[in-house]
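Residue-level structural notes
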Protein chains: 2
Amino acid sequence: MTITTTDFQRWASAHQQRIEVQLKAALPSAELAPQRLHQAMRYVALGGGKRVRPLLAFAAGEVTRADVGRVAIAGAAVELIHAYSLVHDDLPCMDDDVLRRGKPTCHVEFDEAIALLAGDALQSLAIQLLAEHRLADDPSAQLEMVRLLAAAAGSRGMAGGQAIDLAAVGVTLSLPELEFMHIHKTGALIRAATLLGARCGAALDAAELEQLDRFSKCIGLAFQVVDDVLDTDATTATLGKTAGKDARHNKPTYVSVLGVADAKKLAGELRGDALDALDGFGERALRLRQLADFIVLRKF
Amino acid sequence: MTITTTDFQRWASAHQQRIEVQLKAALPSAELAPQRLHQAMRYVALGGGKRVRPLLAFAAGEVTRADVGRVAIAGAAVELIHAYSLVHDDLPCMDDDVLRRGKPTCHVEFDEAIALLAGDALQSLAIQLLAEHRLADDPSAQLEMVRLLAAAAGSRGMAGGQAIDLAAVGVTLSLPELEFMHIHKTGALIRAATLLGARCGAALDAAELEQLDRFSKCIGLAFQVVDDVLDTDATTATLGKTAGKDARHNKPTYVSVLGVADAKKLAGELRGDALDALDGFGERALRLRQLADFIVLRKF
């Protein structure tokens, strides 16, 4: 069976649109008080981004034949957590960045206090969304989904990864240390997106869950390696965010630790490991395989 | 039946200790990576505060004969949300405060970035806690508890109240406008604490839930009115946080809108309304009544 690029692009585009619709519906109207806060939340969550995490949720949902309406809600919840993390990450006390997705960052467009509160409220909204719609036949399984997303966002997940990142400024990290940082900083949420998408459908057995988990870990790391390479290669204009910022901030990256050539090689190896993990799923994992390629090969 | 002050104090003290134990167990160890983040989370969440919200949860749990272990978890979750809001509220871009509960605020003791992440991670931990333990016999009811807390924390609740508060600096508010602000800023979480405590036990009928809700709304407002009066009367030393800060920041308060005498009168009226709302609950609402007195009469 030959799958053309066009077929995947059509699938991705349709599901990106679906997430946009879902996010628009979930976010409070900009006319609703407090207006500036709601404007800021919509400003950061709508109309931008590749929506990689929701796409992973949709693709994993195909593995378990999940209802696509349910996966859209789970995917939107993960994307709201991602959006909150970007807003806080861009604040002056963190990366102090002024450009994101080709637009002024939230605290530049609004102000720091509103950006802080918008991030806070986006996290709350993500959880609210995940709790208020029926996403699993068994409500206990849905509680486990809430727990999984909260844990992925928290101090042993994404927020913890940010803290490790802060502590790493100006420090030389080994490859395992760098990996530990990224497993938390970006990996935790990518893993959550994949697992939540799958959990919207039929239950996987322990071995299948482990394989899906292995896929998501490999792809999460690959995503970060590719980001580091792109950050070195690209210009601010093509990237839509400030390029070369990690190097400027004296932060360790896969490129600074390995060099560009070996970082690209590592991304390829991680892609291979990710694809291997999907072997048992057959055609149901078609979109996950295509996403792995999309993530790793996007700009090389 | 005569209830001495000592009896309530013993009850409150025992339940404050229980919450401290619960929070200590829920917070990641300070030895666990990332250590500074976990140290900061423990610094702000442990060893301070009157624990009014958890006490409300315990008292409401007595109305529905809830298991005290379950209520402790729900109360700790609410307290973690409260702790996160204090950390973010004290940041330089918000109230820029240096003193909280007699100690340096989190960003002074650590730094701004860690304070930001500690607040973020405390919110995640609150949700994780609420989702990972069995708190209701029916898991659907527990999902509704998660939804309730997330909504109370979000842009239509506490975070929204903060945004309204920001927009009100230097503005003359009417009493209804001030009330609208506080129903969100402090009221939403006090209401959530009360309702979550009750929901850990036997189901209330719609009329009972409405009465409990009326109680929590009145007591939430009374709490804020008393805070405003204390902020005017007290010194920084007795308050443990910077006194007179709202007036200095040119923020409207019940005292600036009504004057001290009428603000005290309003607090008394709200207490009366709160107590009236408990009429149908008999002796099961004893602790809620005592808490109403504790909140309103604490320092007048």
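What counts and what doesn't
Residues numbered from 1 in each chain as written. Chains lettered and ligands numbered in written order. Predicted model: local features only at pLDDT ≥ 70, side-chain atom pairs only at ≥ 80, totals over all residues. Helix = DSSP H or I, 4+ residues; strand = E, 2+ residues; numbered from the N terminus. Rg over C-alpha atoms; globule rule 2.2 N^0.38 Å. Buried ≥ 20, exposed ≤ 12 C-beta atoms within 10 Å, placed from the backbone. Contact = placed C-beta atoms within 7 Å. Least-squares fit on C-alpha atoms with pLDDT ≥ 70 in both. Expected span 1.5 Å × (residues − 1). Arc of directions from axis to C-beta. Axes fitted to C-alpha atoms, helices over the stretch in contact; angles between N-to-C directions. Parallel < 35°, antiparallel > 145°, perpendicular 65-115°, else oblique. Left-handed = near helix turned anticlockwise from the far one by under 90°. Nonpolar A, V, L, I, M, F, W, Y, C, P; charged D, E, K, R; others polar. Core = buried A, V, L, I, M, F, W, Y, C linked by C-beta atoms within 7 Å. pLDDT = per-residue confidence, 0-100.

Now for the overall build of chain A. Along chain A, the regular secondary structure elements total 15 helices and two strands. Taken against the 2.2 N^0.38 rule, which gives 19 Å for 300 residues, the C-alpha radius of gyration of chain A at 18 Å falls within 12% of a compact globule. With the C-alpha coordinates aligned to their principal axes, the bounding extent of chain A is approximately 50 × 45 × 35 Å. Per-residue burial over chain A gives 54% buried out of 300 residues. Long-range contacts, defined as pairs at least 24 residues apart, comprise 73% of the intrachain contacts of chain A with a sequence gap of at least 6.

For the rest of this paragraph, the subject is the relation of the copies chain A and chain B. Superposing chain A onto chain B takes a rotation of 180° combined with a translation of 0.0 Å along the rotation axis, leaving an RMSD of 0.0 Å. Considering both components of the superposition, the chain copies are consistent with a two-fold axis. Across chain A, the rotation axis passes nearest the C-alpha of Pro 139 of chain A, at a separation of 2.8 Å. Most of the interface of chain A is mirrored in chain B, where 100% of its interface residues are also at the interface.

So, about the environment of Gly 61 of chain A. Residues and elements named next belong to chain A. On the secondary structure map, Gly 61 appears in helix H3 (residues 52-63). With 26 C-beta atoms counted inside 10 Å, the residue Gly 61 sits in the buried group. In this structure the C-alpha to C-alpha distance between Gly 61 and Ala 193, which are 132 residues apart in sequence, comes to 10.0 Å. Setting aside chain neighbours within four positions, we find Gly 61 in contact with Ala 66, Val 68, Val 71, Gly 197, Ala 198, Cys 200 and Gly 201.

Further remarks concern the interface of chain A and chain B. Taken together, the 43 residues of chain A in the interface contact 43 residues of chain B. Among the secondary structure elements, those contributing two or more residues to the side of chain A that touches chain B are helix H2 (35-45), helix H6 (112-132), helix H7 (139-153) and helix H8 (158-167) of chain A. No other element matches the 14 residues that H6 of chain A contributes to the side of chain A that touches chain B.

Turning next to helix H15 (residues 286-297) of chain A. In an α-helix, one full turn covers 3.6 residues, which means residues spaced three or four apart are oriented alike. All names here are of chain A. The end-to-end C-alpha distance of H15, which contains twelve residues, comes to 16 Å, matching closely the 16 Å that a straight helix rising 1.5 Å per residue would cover. When H15 is considered as a whole, its buried residues turn out to be Arg 287, Leu 288, Leu 291, Ala 292, Ile 295 and Val 296. Along the long axis of H15, the arc covered by the buried residues comes to 160°, so they all point the same way.

With that settled, consider the packing of helix H6 (residues 112-132) of chain B against helix H7 (residues 139-153) of chain B. Residue and element names in this part refer to chain B. Two elements in contact, H6 and H7, have axes whose closest approach is 9 Å; the angle formed by their N-to-C orientations is 160°. As far as their axial angle goes, H7 and H6 are roughly antiparallel. When the axes of H6 and H7 are compared, the crossing they make is right-handed. On the side of H6, the interface is formed by Gln 123, Ala 126, Ile 127, Leu 130 and Ala 131, while H7 contributes Met 145, Val 146, Leu 149, Ala 150 and Ala 153. Of the residues contributing to the contact of H6 with H7, the split by class is nine nonpolar, one polar and no charged.

Grouped burial of nonpolar side chains is what soluble globular proteins tend to show. Core analysis: the biggest nonpolar cluster contains 206 residues, and Ala 118, Leu 149 and Ala 222 of chain A together with Ala 118, Leu 149 and Ala 222 of chain B have the highest contact counts within it. If we skip the residues at most four places from it in the chain, Leu 149 of chain B touches Ala 77, Val 78, Ile 81, Ala 126, Leu 130, Ala 192 and Leu 196 of chain B.

Ala 33 of chain A connects to Pro 34 of chain A through a cis peptide bond whose omega is -5°. Structurally, Pro 34 of chain A is set in the loop between helix H1 (5-26) and H2. Although it is not a glycine, Arg 101 of chain A sits at a positive phi angle of roughly 50°. The residue Arg 101 of chain A is located in the loop between strand S1 (99-100) and strand S2 (103-104) in this model. With a phi angle near 50°, Asp 96 of chain B is a residue other than glycine that sits in the positive phi range. With respect to the helices and strands, the residue Asp 96 of chain B is situated in the loop between helix H4 (68-89) and strand S1 (99-100).

Let's shift gears to the packing of H7 of chain A against H7 of chain B. Contact geometry for H7 of chain A and H7 of chain B: axes closest at 8 Å, N-to-C directions at 30°. It follows that H7 of chain A is roughly parallel to H7 of chain B by the angle criterion. Considering the relative orientation of H7 of chain A and H7 of chain B, their crossing is left-handed. Mapping the contact onto sequence places Pro 139, Ser 140, Gln 142, Leu 143 and Val 146 of chain A in H7 of chain A and Pro 139, Ser 140, Gln 142, Leu 143 and Val 146 of chain B in H7 of chain B.

Another point: the environment of His 82 of chain A. All names here are of chain A. Structurally, His 82 is set in helix H4 (residues 68-90). What makes His 82 buried here is the crowd of 24 C-beta atoms within 10 Å. Sequence separation between His 82 and Gln 123 is 41 residues; the distance between their C-alpha atoms is 8.8 Å. Excluding residues within four positions of it along the chain, His 82 makes contact with Arg 53 and Leu 189.

Looking now at the confidence of the model for chain A. Per-residue pLDDT for chain A averages 92, and the proportion of residues at 70 or more is 93%. Interface confidence for the predicted complex, given as ipTM, is 0.94, next to a pTM of 0.95.

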